[in-house]
Amino acid sequence: MSESVAPPLSLSARALQARAPAAPADYLDELNPAQRAAVEALDGPVLMLAGAGTGKTKALVARIIHLVRQGRAWPNQILAVTFTNKAAREMKNRILARLGESAEGMAWMGTFHSLSVKILRRHAELVGLKSSFTILDTDDQLRLLKQLIAAANIDEKRWPARLLAGLIDHWKNRAWTPDRVPTSEASAYNHRGTELYEAYQERLKTLNAVDFGDLLLHCVTIFQRHPDVLADWQRRFRYILVDEYQDTNVAQYLWLRLLAQAHRNICCVGDDDQSIYGWRGAEVGNILRFESDFPGAVVVRLEQNYRSTPHILAAASGVIAGNANRLGKTLWTDRPGGEKVRLIGHWDGEEEARWIGEEIEALQKGRLGHDISLDDVAILVRASHQMRAFEDRFLTIGMPYRVIGGPRFYERQEIRDAMAYFRLSVSPDDDLAFERVVNLPKRGLGDKAMATINQAARGAGVSLLDGARECLARGAIGGKGGAALRVFVESMDRWRWYVENATNEGLLAELRFERKELKSIEFLRAADDPPSEEEKARDAKVSMIEHKLRNLESHVVLAETILEESGYTDMWSQDKTPEAPGRLENLKELVKALEQFDNLTGFLEHVSLIMENESEEAVEKVSIMTLHAAKGLEFPAVFLPGWEEGLFPSQRSMDESGQKGLEEERRLAYVGITRAEELCTITFASNRRVYGQWQSQLPSRFIDELPGDHVDVLSPPTLHNSYGTGGYGGSNSFDARAAKADVYNSPGWKRLQDRVQTRGISAPREAAHLTIDAQAVTGFGLGDRVFHQKFGYGNILAMEGDKLDVDFEHSGVKKIVARFVVAADQVSDVPF
DNA sequence: CGTCAGGTGCTCGCT
DNA sequence: GCACCTGACG
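Because the structure is predicted, anything quoted here is derived from the model rather than measured.

What counts, and at which threshold
- Residues numbered from 1 in each chain as written.
- Chains lettered and ligands numbered in written order.
- Predicted model: local features only at pLDDT ≥ 70, side-chain atom pairs only at ≥ 80, totals over all residues.
- Heavy atoms only, no water.
- Helix = DSSP H or I, 4+ residues; strand = E, 2+ residues; numbered from the N terminus.
- Buried < 20%, exposed > 50% of the residue type's maximum accessible area, 1.4 Å probe, protein only.
- Areas by Shrake-Rupley, 256 points an atom, 1.4 Å probe, with all protein chains shown as cover.
- Axes fitted to C-alpha atoms, helices over the stretch in contact; angles between N-to-C directions.
- Parallel < 35°, antiparallel > 145°, perpendicular 65-115°, else oblique.
- Left-handed = near helix turned anticlockwise from the far one by under 90°.
- Contact = heavy atoms within 4.5 Å.
- Nonpolar A, V, L, I, M, F, W, Y, C, P; charged D, E, K, R; others polar.
- Polar contact = N/O pair within 3.5 Å; in protein donor to acceptor, adjacent residues only side chain to side chain.
- Near = heavy atom within 4 Å.
- 1 Å grid on protein atoms, 1.4 Å probe; cavity = no way out; pocket = protein on both sides within 12 Å on 5 of 7 lines; lining within 4 Å.
- Points joined across faces, edges and corners; volume = space filled by probe spheres on them.
- Phe/Tyr/Trp six-rings, centres within 6.5 Å; stacked < 30°, edge-to-face > 60°.
- Disulfide = S-S within 2.5 Å.
- Pairing = 2+ DSSP bridges.
- Patch = residues over 30% accessible without salt bridge, like charges linked within 9 Å, V, L, I, M, F, W, Y side chains within 5 Å.
- Salt bridge = Lys/Arg side-chain N within 4 Å of Asp/Glu carboxyl O.
- Lys, Arg positive; Asp, Glu negative; His and termini not counted.
- Charge placed at Lys NZ, Arg CZ, Asp CG, Glu CD.

Draft legend 1. Molecular detail of the overall build of chain A. A tally of helices and strands in chain A yields 34 helices and 21 strands. In chain A, which comprises 832 residues, the proportion classed as buried is 54%. A total of about 36400 Å² of accessible surface is found on chain A, and carbon and sulfur atoms cover 51% of it.

And the structure:
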């Protein structure tokens, strides 16, 4: 690729100023000094350490506007990497609002993955792919791996495909191609990990497919092996901006460093306290190391928080202070008071959900002194299975909610099936799609038929579809199955013919040509010239053809036809299961979504990258999502349920990564609290169903870490289910404060005192310290027989603080907070 | 070949 | 509790 050297900067500046609307630099006046410093340091490396809610998006947007207004770069010469497509969209809109039409060229704003696809499509041949490669999702990936595992004679039971998938993903995150996996990994996956990784990559190449990790990895490989290509891109992207830098992994880091190393105009924004993707290969080290990676970097700290009340901020700071490895920031705000963070314990998960539902209703009725819309409320959970209880509850009380990041539209079974039909119609050698739908609806083709087809295909070195054709020709598959297969193959041919011809091939060919021209003009113009007349003309022509094609709707009709003729729609209409109508609805939605694209191919390309639910509904809804999905969002009212040991912090995280894992969990707690603007409510339950079994839960250690001065401990409105005071947890000084709040008036406390007196033990003056004798705190002794609402009768094995180890007759040994059991001989005087 | 019952193992988070 | 797999049966 030859590209002329950029003309002097001043030229472009003049050209730009002539084109951009003459507006004052008002965007600078709106910034605080730190933000302004970050925006105005245009050249060289910049690290923006931006705490939660300190206006980093604002600063990023201002920086881009500044770059354009100062004539440093055209919008299409700025590379801006965001963490989600949504964030990219939002930023684009904000820039568009300021810059007007000149922002339309912001073509290079997106996630690492979406940007990588764009780059990779242009250089696919350099890694042995065609530019039409397909992007596999986890489902396809897993099926492919299973085949390879079977072929390698490995027992998938003992060595699950998921394990291998995780391993490969891990390696790709570190930018290790099969030949570069270090020998220290040799024992992975029963000593055959590397071998299978290599086989997997080979197979992907034959399928002309990539997985998610490949998008980045292939780009890095191309940049490393083809300096000329890299140089082109380096020249193209004069300025690079990166959001959420703390969550980049090694591959992404290399990707960035390669692109930035020539001019070093890179600005990274991040917050080490919000690094929550360590499990995905993110390296906090990237942000901690920035200054040594890019010597002479300007480091700017954004510490003024505009989002949350002082109490919320203080609570979050108190928790995160427990982490050792931090760059350290002090967030402050000049906002006044507000409510303290609220803390409340419940009997179990269902009651927790019920209480939160009622609280949300109270918020709607003006509990905060002003109107709150359901859109302003979010429930942030640690693990997605916690969402169920809330969905169940909200469905019963009719409260509208939306689950963000749940099972996504394009991951649903019916959608993926339909897409497989489309994929196969577009590219007949998509074997994975063939396997998925050849017997769907049931066509009487089982393992035996599939084996025959596979063998034929492999023998002749052709696709499965052609293999099937061959089997039919020599009558290898007969009977009912054979007849159905014949119809299937013939239908495919017919649909494919439509894809190529009936959908107005003439227009499509023209469109393809124009687009290609436009792209190369645009690409070669990478220097400084404004769009030429030719480019504008081509652009207009492309839009016109697109418009025409859209009005033809031919591919939409074709999609409907495929689903009808294949019998797929029928399959669901005849299905009696309750979810069948919903699936049909989804299929309709899918067909409707097609209208926005020129053809099936374009649609398929788009879908593989959109990993979010895009729908923007008009109805107000409570948002339910995981803490991870909540990153970057904010809500006036936030509920944080499930703060219990083992769930949050997650046991698995601590088991796998020890102290590091715990610190990441703590950062997650920090992210959760700092999502709240006005009201933050933390809840936990004493009992929870885990794997369908009731488990007693202890309050999270993070609750103990909340600074007491900024927390209000609430007692549950009803005590009908629990003994005594309801459950707030922990057993440190903060809990003592909590205890003071209402314990002394509760029936539980009185019972305790009675018991203490009859046993002749002196009552604790104040349950303030761990050192207090366990027996004094709880009123129980070793070996006492107790009763628990859910677990029944049992004997006390051990005691520590207010926690008991109880051996239940029917449920085995459990750790229980003392207030949830009662002496067995007193059961009768407790109503429940 | 398809269906159904029963058993197993498991799930943290996401582009 | 649920998804997935297996094996028996029609």
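Draft legend 2. Layout of the packing of helix α6 (residues 112-123) against helix α11 (residues 212-225). At a closest axis distance of 9 Å, the pairing of α6 and α11 adopts a crossing angle of 55°. Taken together, α6 and α11 sit at an angle that is classed as oblique. At the point where α6 passes α11, the crossing takes the left-handed sense. Counted together, Phe-112, His-113, Ser-116, Val-117, Ile-119, Leu-120 and His-123 of α6 and Phe-212, Leu-215, Leu-216, His-218, Cys-219, Ile-222 and Phe-223 of α11 form the full contact between these two elements. Residue composition of the contact of α6 with α11, grouped by class: 10 nonpolar, 4 polar and no charged.

Draft legend 3. Main features of the packing of helix α4 (residues 56-69) against helix α5 (residues 85-99). Remark: α4 packs on α5, axes separated minimally by 10 Å, with the N-to-C direction vectors making an angle of 45°. Compared by their axis directions, α4 and α5 come out oblique. As for the relative orientation of α4 and α5, their crossing is right-handed in sense. On α5, the residues that touch Thr-57, Lys-58, Leu-60, Val-61, Ile-64, Ile-65, Val-68 and Arg-69 of α4 are Met-91, Arg-94, Ile-95, Arg-98 and Leu-99. When grouped by side-chain class, the residues that make up the contact of α4 with α5 number 8 nonpolar, 1 polar and 4 charged.

Draft legend 4. Seen up close, helix α13 (residues 250-260). Of all 11 residues in α13, 9 are buried, a share of seventy percent or more. Taken together, the buried positions of α13 are Ala-251, Gln-252, Tyr-253, Leu-254, Trp-255, Leu-256, Leu-258, Leu-259 and Ala-260. With a side-chain oxygen positioned 3.1 Å from the backbone nitrogen of Ala-251, the residue opening α13 is Asn-249.

Draft legend 5. Here's a closer look at unusual backbone geometry. For the bond from Leu-440 to Pro-441, the omega torsion is 0°, close enough to zero to count as cis. Relative to the assigned elements, Pro-441 resides in the loop between α20 (431-437) and α21 (447-460). Cis rather than trans, the peptide bond between Phe-648 and Pro-649 has omega equal to 10°. Checked against the element boundaries, Pro-649 lands in the loop between β13 (635-640) and α30 (651-673). Located in the positive-phi region is Tyr-189, a residue other than glycine, with phi close to 50°. One can find Tyr-189 in helix α9 (residues 188-191). Phi at Arg-264 is positive, roughly 60°, even though this residue is not glycine.

Draft legend 6. Structural view of the protein's contact with DNA strand C. Lys-146, Arg-388, Arg-689 and Tyr-691 make up every residue found near DNA strand C. When atoms of DNA strand C within 4 Å of the protein are split into backbone and base, the sugar-phosphate part holds 56%. Arg-388 places a side-chain nitrogen or oxygen 3.2 Å from a phosphate oxygen of DNA strand C. Between DNA strand C and the protein, one listed contact pairs a phosphate oxygen with a side-chain N or O atom of Arg-689 at 2.9 Å. Residues belonging to the surface near DNA strand C are distributed by class as follows: 1 nonpolar, no polar and 3 charged.

Draft legend 7. Representation of empty space enclosed by the protein. Summed over the entire model, instances satisfying the criterion amount to 6 cavities of 30 Å³ or more. Taken as a whole, the second largest cavity encloses approximately 60 Å³ of empty space. The element contributing the most residues to the lining of the second largest cavity is α11, with 5 residues. For the lining of the second largest cavity, the residue count by class is 4 nonpolar, 3 polar and 3 charged.

Draft legend 8. Main features of the packing of aromatic side chains. Within the structure shown, the criterion is met by 20 aromatic pairs. Ring geometry for Phe-394 against Tyr-401: centres 6.2 Å apart, planes inclined by 55°, an arrangement best described as tilted. A relative accessible area of 0% places Phe-394 in the buried class. Ring geometry for Tyr-421 against Tyr-568: centres 6.2 Å apart, planes inclined by 55°, an arrangement best described as tilted. Remark: Tyr-568 occurs in helix α27 (residues 568-573) and Tyr-421 occurs in helix α19 (residues 413-426); sequence separation between them is 147 residues. A residue is classified by how much of its surface remains accessible, and Tyr-568, at 0% relative accessible area, is buried. Clustering of aromatic rings is evident, with ring pairs tying together Tyr-421, Phe-434, Phe-488, Trp-495, Tyr-568 and Trp-572.

Draft legend 9. Here's a closer look at the state of the cysteines. Within the structure shown, the criterion is met by 0 disulfides. Of all cysteine sulfurs in the structure, the one in Cys-267 sits closest to Cys-268, which takes part in no disulfide; the separation is 6.8 Å.

Draft legend 10. Geometry of the sheet that holds strand β6 (residues 239-242). Here 6 strands make up an open sheet; going across it, the order is β3-β2-β6-β7-β1-β8 and the pairing parallel. Each edge of the sheet is formed by a strand with only one pairing partner; in this case those strands are β3 (109-111) and β8 (298-302). Neighbour-to-neighbour, the strand axes of the sheet open up by a mean angle of 15°, direction not taken into account. Of the pairings in the sheet, the one linking strand β2 (residues 78-82) to β3 comprises 3 bridges and is parallel in character. Looking at the pairing, Val-81 lines up with Gly-110 of β3. α4 rests against β1 (46-50), β2, β3, β6, β7 (266-270) and β8 of the sheet, and its axis sits at about 170° to β6. Strands in contact with α6 are β2, β3 and β6; relative to β3, the strand with the most contacts, it is inclined by about 110°.

Draft legend 11. Fine view of the protein's contact with DNA strand B. DNA strand B sits among 28 residues. The nearest are Arg-382, Ser-384, Gly-446, Arg-652 and Glu-656. The sugar-phosphate backbone supplies 55% of the atoms of DNA strand B found within 4 Å of the protein. Here a base nitrogen of DNA strand B and a side-chain polar atom of Trp-279 are 3.1 Å apart. In the model, a phosphate oxygen of DNA strand B is placed 2.7 Å from a nitrogen or oxygen of the Gly-446 main chain. Of all the secondary-structure elements, those providing two or more residues to the surface near DNA strand B are α21 and α30. Class assignment for the residues of the surface near DNA strand B results in 9 nonpolar, 11 polar and 8 charged.

Draft legend 12. Fine view of the pairing of strand β10 (residues 377-381). Counting buried residues along β10, 5 of its 5 residues qualify, which places the element largely inside the surrounding structure. As paired strands, β10 and β13 are joined by 3 bridges and run parallel to one another. Within β13, the position partnered with Ile-379 by the bridge is Phe-639. Pairing of β10 with strand β12 (residues 622-626) involves 4 bridges; the strand directions are parallel. Its bridge partner lying in β12, Val-381 is registered against Thr-626.

Draft legend 13. Representation of a negative patch on the surface within the structure. Together, Glu-560, Glu-564, Asp-570 and Glu-595 make up a negatively charged patch on the protein surface. Among the structural elements, Glu-560 can be located in helix α26 (residues 554-565). Residue class for Glu-560 comes out partly exposed when judged on its relative accessible area of 43%.

Draft legend 14. Just the pattern of salt bridges, in detail. Taken as a whole and judged by the stated rule, the model has 45 salt bridges. Across the pair Asp-243 and Lys-56 runs a salt bridge, and its minimum N-O distance is 3.2 Å. Taken as a pair, Asp-243 in the loop between β6 and α13 and Lys-56 in helix α4 lie far apart in primary sequence, 187 residues in all. For the pair shown, Asp-243 and Lys-56 are each scored as buried. In this structure, Arg-469 engages Asp-493 in a salt bridge whose closest nitrogen and oxygen atoms are separated by 2.6 Å. Of this pair, Arg-469 sits in helix α22 (residues 464-473) while Asp-493 sits in helix α23 (residues 479-502), placing them 24 residues apart in sequence. The class for Arg-469 is partly exposed, based on a relative accessible area of 30%. With a relative accessible area of 33%, Asp-493 lands in the partly exposed category. Members of the salt-bridge network, linked through shared partners, are Asp-137, Asp-139, Asp-140, Arg-143, Arg-416, Asp-417, Arg-423, Asp-430 and Arg-436.

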